[in-house]
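A closer look at the structure
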Amino acid sequence: MTEKFDVVAAGSAATDGVVPATPRNIPHRGGPPNPGSAAMMAQFPGSVLRSDVVWGETTVVIKTDAVTGIMQWLRDDPAQRYDYLSDVTAVEYRDFDQPIEVVWHLRSLPFRRFLRVKTQLAKDAPLRVPSVWGIWKAADWMERECYDMFGIAFDGHPDLRRILMWEQYKEGYPLRKDFPLRGRFSRAEQLRQALSQNPEAKYSMDELSIADAFEDLPEEMRKRLGAGERTGE
């Protein structure tokens, strides 16, 4: 790598002259919110559903169709500068009527701030949300893991496929509440499927160049590779 970059000192963008420090004796609920939440409400009126402060951390719930615009603004606005996406995950509650939440953890290193952003997906509709891969490339594997474990599709992701389970995995999404602890199939069927797999088939031609494994790949994956799609991690 020859491209130079500037090292960001945490808190270096603070203009009030106060050096950011780890807060202590914070209340369970309440306390000063992240200034980004109020700015977000002003910038995107009607797109922010609510904002809460719990143990000193601000959580903002936004509409799903506003994800791309708000995330882009959080990264690019000079007063926000959330340049580090540290996590993408999801939460499903026991109550079936509760929507599934997609959660992004954002850090602004220049301002030394943390912000949790959520959006909610109804279970009786396709679980789809815009990908933020175009904003933070770090979203790549985290969105794949979220898709693999919860079945949430991230629209716009360049290579959305399973990352922990193999592509031919047929039992569903292991972190969903309705997923049985022992799997959907019997132990005998799980063993039969495991033994029948070609271990080389979970890799793409581009990754291993193993011609013998091509016919064992799923039809949908063979079509993608046949069309020239590049895959790999």
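Report follows, based on the coordinates. The structure displayed is predicted, hence computed values, not measured ones.

Quick look at the environment of glutamate 189
- Inspection of the secondary structure puts glutamate 189 in helix 4 (residues 187–196).
- A polar contact is formed between the side chain of glutamate 189 and the side chain of arginine 192, at a distance of 2.9 Å.

Some details on the pattern of salt bridges
- Inspection of every chain in the model, using the stated rule, returns eleven salt bridges.
- Note that arginine 50 is salt-bridged to aspartate 52, the shortest N-O span being 3.1 Å.
- The exposure class assigned to aspartate 52 is partly exposed, which follows from its relative accessible area of 29%.
- One salt bridge connects arginine 116 with glutamate 57, and the closest N-O pair in it is separated by 2.9 Å. Residue arginine 116 is located in strand 5 (residues 113–121), and its partner glutamate 57 is located in strand 2 (residues 57–62); the two are separated by 59 residues in the primary sequence.
- The exposure class assigned to arginine 116 is buried, which follows from its relative accessible area of 17%.
- Here the salt bridges do not stand alone but share partners, grouping Glu92, Lys123 and Arg176 into one network.

Description of the sheet that holds strand 3 (residues 84–91)
- The mixed open sheet is built from five strands, whose spatial order is 1-2-5-4-3. Across the chains shown, the open sheet's two edge strands, defined by having one partner strand only, are strand 1 (48–54) and strand 3. The average angle at which neighbouring strand axes cross in this sheet is 20°, direction not considered.
- As paired elements, strand 4 (residues 100–108) and strand 5 share nine bridges and run antiparallel to each other. Bridge pairing in strand 5 places valine 103 opposite lysine 118.

Structural notes on a nonpolar patch on the surface
- A cluster of nonpolar side chains, namely Val8, Tyr84 and Leu109, defines an oily patch on the protein surface of about 240 Å² accessible area.
- Mapped onto the elements of the fold, valine 8 is located in the segment before helix 1 (35–43).
- On the basis of relative accessible area, valine 8 is assigned to the partly exposed category, the value being 37%.

So, the packing of aromatic side chains
- Taken as a whole and judged by the stated rule, the model has two aromatic pairs.
- Ring centres 5.6 Å apart and planes at 80° place the aromatic pair phenylalanine 44 and tryptophan 73 in the edge-to-face group. Remark: tryptophan 73 occurs in helix 2 (residues 67–76) and phenylalanine 44 occurs in the loop between helix 1 and strand 1; sequence separation between them is 29 residues. Here phenylalanine 44 matches tryptophan 73 in class, with each residue buried.
- Across from the ring centre of phenylalanine 111, 4.3 Å away, lies the NZ or CZ of arginine 113, which sits over that ring.
- Here the basic side chain of lysine 137 rests over the ring of tryptophan 133, its NZ or CZ set 4.2 Å away from the ring centre.

Digging into helix 1
- Listed in full, the buried residues belonging to helix 1 are Gly36, Ser37 and Met40. The arc that holds every buried residue of helix 1, seen down its axis, measures 100°, which confines them to one face.
- Where helix 1 is buried, its residues contact strand 1, strand 2, helix 2 and strand 5.

Describing the packing of helix 1 against helix 2
- Across the interface, helix 1 lies against helix 2 with an axial gap of 11 Å and an inter-helix angle of 130°. If you check the angle between helix 1 and helix 2, you find them oblique. The hand of the helix 1/helix 2 crossing is right-handed. Residues Gly36, Ala39, Met40 and Gln43 of helix 1 touch helix 2, and the partners they reach there are Ile70, Trp73 and Leu74.
- Class assignment for the residues of the contact of helix 1 with helix 2 results in five nonpolar, two polar and no charged.

Here we look at the side chain of serine 47
- Relative to the helices and strands, serine 47 is located in the loop between helix 1 and strand 1.
- Once residues within four sequence positions are removed from consideration, serine 47 is found in contact with Val61, Ile62, Lys63, Ala66 and Ile70.

As for unusual backbone geometry
- A positive phi angle is found at arginine 81, which is not glycine, with a value near 55°.
- For arginine 81, the position within the fold is in the loop between helix 2 and strand 3.
- Its relative accessible area of 35% is what places arginine 81 among the partly exposed residues.

Calculation criteria
What you see as residue numbers is a count from 1 along each chain, following the sequence as written. Totals for whole chains, interfaces and linings use every residue, but because this is a predicted model, local features are given only for residues with pLDDT of at least 70 and side-chain atom pairs only at 80 or more, for both listing and counting. Hydrogens and water molecules were not included; the side-chain quantities draw on all heavy atoms of the structure. To qualify as a helix, a DSSP run of H or I must reach at least 4 residues; to qualify as a strand, a run of E must reach at least 2; elements of each kind are numbered from the N terminus. Counting of polar contacts relies on pairs of N or O atoms within 3.5 Å, with two restrictions inside protein: one atom must be capable of donating a hydrogen and the other of accepting it, and residues adjacent in sequence are counted only when both atoms are side-chain atoms. Salt bridges are identified by distance alone: a Lys or Arg side-chain nitrogen within 4 Å of an Asp or Glu carboxyl oxygen. Remark: exposure states derive from per-residue accessible area (1.4 Å probe, protein chains only) relative to the maximum for the residue type, with buried under 20%, exposed over 50%, and partly exposed in between. Strand pairing is defined by DSSP finding a minimum of two bridges between the two strands. Helix axes use the C-alpha atoms of the stretch in contact, all axes being lines fitted to C-alpha atoms, and the angles between their N-to-C directions lie in the range 0 to 180 degrees. Patches were defined on residues exceeding 30% relative accessible area and lacking a salt bridge, with like-charge contacts within 9 Å and nonpolar side-chain contacts (Val, Leu, Ile, Met, Phe, Trp, Tyr) within 5 Å. Accessible surface is estimated by sampling points in the Shrake-Rupley manner with a 1.4 Å probe; for residues, cover comes only from the protein chains shown. Side-chain rings of Phe, Tyr and Trp (the six-membered ring for Trp) are treated as a pair once their centres are within 6.5 Å; stacked means planes under 30 degrees apart, edge-to-face means over 60, and tilted covers the remaining angles. By definition, being over a ring means that NZ of Lys or CZ of Arg is both within 6 Å of the ring centre and within 35 degrees of the ring normal. To be clear, the arc concerns the directions from the helix axis to the C-beta atoms. Contacts are residue-level and defined by heavy atoms, with any inter-residue pair within 4.5 Å sufficient. Roughly parallel covers angles under 35 degrees, roughly antiparallel covers those over 145, roughly perpendicular covers 65 to 115, and oblique covers all other angles. Definitions for this section: a left-handed crossing has its near helix turned counterclockwise from the far helix by less than a right angle. A right-handed crossing has that turn clockwise. Charged means Asp, Glu, Lys or Arg here, nonpolar means Ala, Val, Leu, Ile, Met, Phe, Trp, Tyr, Cys or Pro, and polar covers whatever is left, Gly included.

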